[in-house]
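Below are the chains, spelled out letter by letter.
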Amino acid sequence: NDERGQQLAWRAGGKAMPHGIARKVKRLASIAKGCLTDFDPADPAFVDILAEIAIRFDLEPEEDDAGWTTDRIAETAVKSMQLATLEDGTGFDFDDMLFLPVFHGWIRPRYGLVVIDEAQDMNAVQIELARKVLVYGGRFAAVGDDRQAIYGFRGADSMAIDRLKREMNAVELGLTVTYRCGKVIVDHARMIVPDIVAAPQNPAGSIQYASVGDVVDCAEIGDFILSRRNAPLVPICLSLIRSGKRARIEGREIGHTLASIAKRWKPISIPHIENCIEKWRQRENSKLDFRNTEEAMAKKDTINDQAETLLALLSGLKDAADLVPRIVSIFGDGADDNRPAVMCSSIHKAKGMESKRVFVLKAHLNKITRKSNDLRQQANRELEEANLEYVAVTRAIETLVWVE
């Protein structure tokens, strides 16, 4: 039932609930169903847990959502999850097919062999379900790379592989040879992940250095330009387009979010929109000032990147009304979306892809601007930043170009 999540949100919040709030309740419940293996609707602590998830995933109410708070959205999402656990004849959706078997113990049949691929990207409920479908004495195989665990912000369990090894008492069989990257590139990657090895037949490869101006001059269709954040990609992408080269920024949903933010303001003038963006940035950050949590700090990073990206997108525009069309065209919704182009991308979006030549904006790597008093959280954050550099470096087949 593709509409089940929305139906449950309406039942939990009432038909008077604004459509925008209903979408956020649906999304929050969906994420929580993947994160929480011990969900108990009677435990009030889960409202606080879902409130923190709402902050982390940008699911808070807007200023014109009168009467709605983050806690109220969380309470409604908890009720929606509780309604999902009831057998009421309305069917199931994809989230329920993972969440409900774990919640109710509906784990059957069981198998003598269970294999997981991309194990580092699995969320907690997926891991729990995979473990429970294994018969006693059966064989469990998890394939993944713990140094490509970069999706903690999206609900993946960043320690998934370590958890599986520990809980399953697993024997580790290393797959350390890369058949993708040039040998010189592998030598650099080894500074981050010491056990990676280049296959003997791999090309020699090369590492080069360039300025941003050099990138605009020499980047060709098929090349990747990677950044930790989206904002620095915008002026590069615009310069490429102005120079007559087809270019886009990977991430259609990022464009949708930016366009949604930009549509809040009347396009009176460029200075007016710039002022609106800065006021929005300050207002959204101030909502989080009283929450000294990892999720709140991550949300602030997202807000600041969105604001900087919007400001960069205004560069060179003569009419403020052209902002949204520019967002749509650059972030992959234009008519040329499927045509080959210079691909500008966040490192997160480029995971799993490869190119002969990859430019990486070096200045934006490993920039941890916030420290945590929780030593475990701080260590995880630093590890994920190192993982991001490793993922960026290993996208390159022949040439890695550091952009300084």
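Residues numbered from 1 in each chain as written. Predicted model: local features only at pLDDT ≥ 70, side-chain atom pairs only at ≥ 80, totals over all residues. Heavy atoms only, no water.

Student: Whenever I open this one, the nonpolar core confuses me. Can you help?
Tutor: Note on soluble globular proteins: their nonpolar side chains tend to be buried together. Counting 45 residues, the largest nonpolar core has Ile 225, Leu 240, Ile 249, Leu 313, Leu 323, Ile 327 and Phe 331 as its most contacted members. What Phe 331 contacts, discounting residues up to four positions off in sequence, is Ile 249, Gly 251, Arg 252, Ile 254, Gly 255, Leu 258, Thr 309 and Leu 313. If you look at the next biggest cluster of nonpolar residues, it comprises 28 residues, including Ala 22, Leu 59, Ile 73 and Phe 99. (Core = buried A, V, L, I, M, F, W, Y, C linked by side-chain atoms within 4.5 Å. Buried < 20%, exposed > 50% of the residue type's maximum accessible area, 1.4 Å probe, protein only. Contact = heavy atoms within 4.5 Å.)

Student: I keep staring at the packing of aromatic side chains and nothing clicks. Help me out?
Tutor: In this description, a pair of aromatic rings is defined by centroid distance and the angle of the planes. Tallied over the entire structure, the rule returns 5 aromatic pairs. Relative to Trp 106, the ring of Phe 92 has its centre 6.5 Å away and its plane inclined at 80°; by these criteria the two rings are edge-to-face. Here Phe 92 is found in the loop between helix H4 (70–84) and helix H5 (94–104), whereas its partner Trp 106 is found in the loop between H5 and strand S1 (111–116), with 14 residues between them in sequence. Its relative accessible area of 42% is what places Phe 92 among the partly exposed residues. The class for Trp 106 is partly exposed, based on a relative accessible area of 30%. Look at Phe 99 and Phe 103: their rings are 5.7 Å apart centre to centre, the planes differ by 35°, and that puts the pair in the tilted class. With Phe 99 and Phe 103 both in helix H5 and 4 residues apart, this pair spans about one turn of that helix. Using a relative accessible area of 2% as the deciding quantity, one classes Phe 99 as buried. Since its relative accessible area comes to 30%, Phe 103 is described here as partly exposed. Chaining the aromatic ring pairs together yields one cluster made of Phe 39, Phe 46, Phe 99 and Phe 103. Its guanidinium or amino end placed over the ring of Trp 68, Arg 72 lies 3.7 Å from that ring's centre, counting from NZ or CZ. It is Lys 362 that lies over the ring of Trp 402; its NZ or CZ is 5.3 Å from the centre. (Phe/Tyr/Trp six-rings, centres within 6.5 Å; stacked < 30°, edge-to-face > 60°. Helix = DSSP H or I, 4+ residues; strand = E, 2+ residues; numbered from the N terminus. Lys NZ or Arg CZ within 6 Å of the ring centre and 35° of its normal.)

Student: In this structure, what is going on with helix H14 (residues 323–330)? I would like to understand it.
Tutor: Residues that lie three or four places apart on an α-helix share one face, since the helix turns once every 3.6 residues. Along H14, the residues that are buried comprise Leu 323, Arg 326, Ile 327 and Ile 330. Along the axis of H14, the buried positions cluster into a sector of 100°, meaning they face one direction only. (Arc of directions from axis to C-beta.)

Student: Explain the sheet that holds strand S8 (residues 342–346) to me, please; I cannot follow it from the model alone.
Tutor: Each strand in a sheet pairs with another by means of backbone hydrogen bonds, the pair being arranged parallel or else antiparallel. Spatial strand order, S5-S10-S9-S6-S8-S7: 6 strands in an open sheet with parallel pairing. Lying at the two open borders of the sheet, with one neighbouring strand each, are strand S5 (206–210) and strand S7 (247–249). Neighbouring strand axes in the sheet, compared pairwise and without regard to direction, differ in orientation by 20° on average. With 3 bridges joining them, S7 and S8 adopt parallel strand pairing. (Pairing = 2+ DSSP bridges. Axes fitted to C-alpha atoms, helices over the stretch in contact; angles between N-to-C directions.)

Student: What is the right way to read the environment of Glu 253 from this model?
Tutor: By the element assignment, Glu 253 lies in helix H11 (residues 252–262). Sequence separation of Glu 253 and Phe 331 is 78 residues, and the distance between their C-alpha atoms is 8.3 Å.

Student: When you look at the pairing of strand S10 (residues 396–403) in this model, what are you seeing that I'm missing?
Tutor: The two faces of a sheet get side chains in turn, since along a regular strand they alternate between them. The buried fraction of S10 is high, at 7 of 8 residues. As defined by bridge partners, S5 adjoins S10 across 5 bridges and the pair is classed as parallel. Paired with Ala 210 across the two strands is Val 403, which belongs to S10.

Student: I tried to follow a nonpolar patch on the surface on my own but got confused; where do I start?
Tutor: Together, Leu 113, Val 115, Val 143 and Leu 175 make up an exposed nonpolar region whose accessible area comes to about 420 Å². As for its position among the elements, Val 143 is in the loop between strand S2 (134–142) and helix H7 (160–167). A residue is classified by how much of its surface remains accessible, and Val 143, at 36% relative accessible area, is partly exposed. (Patch = residues over 30% accessible without salt bridge, like charges linked within 9 Å, V, L, I, M, F, W, Y side chains within 5 Å. Areas by Shrake-Rupley, 256 points an atom, 1.4 Å probe, with all protein chains shown as cover. Salt bridge = Lys/Arg side-chain N within 4 Å of Asp/Glu carboxyl O.)

Student: What exactly am I supposed to notice about the packing of helix H3 (residues 45–56) against H4 here?
Tutor: Packed helix pairs are characterised by how far apart their axes lie and by the angle those axes make with each other. Taken N-terminus to C-terminus, the directions of H3 and H4 make an angle of 115°; their axes are 8 Å apart at the nearest point. In terms of axis orientation, H3 runs roughly perpendicular to H4. Pair H3 / H4 crosses with right-handed handedness. For the pair H3 and H4, contact is made by Phe 46, Val 47, Leu 50, Ala 51, Ala 54 and Ile 55 and by Thr 70, Asp 71, Ala 74, Glu 75, Ala 77, Val 78 and Met 81, respectively. Considering only residue class, the contact of H3 with H4 consists of 10 nonpolar, 1 polar and 2 charged. (Parallel < 35°, antiparallel > 145°, perpendicular 65-115°, else oblique. Left-handed = near helix turned anticlockwise from the far one by under 90°. Nonpolar A, V, L, I, M, F, W, Y, C, P; charged D, E, K, R; others polar.)

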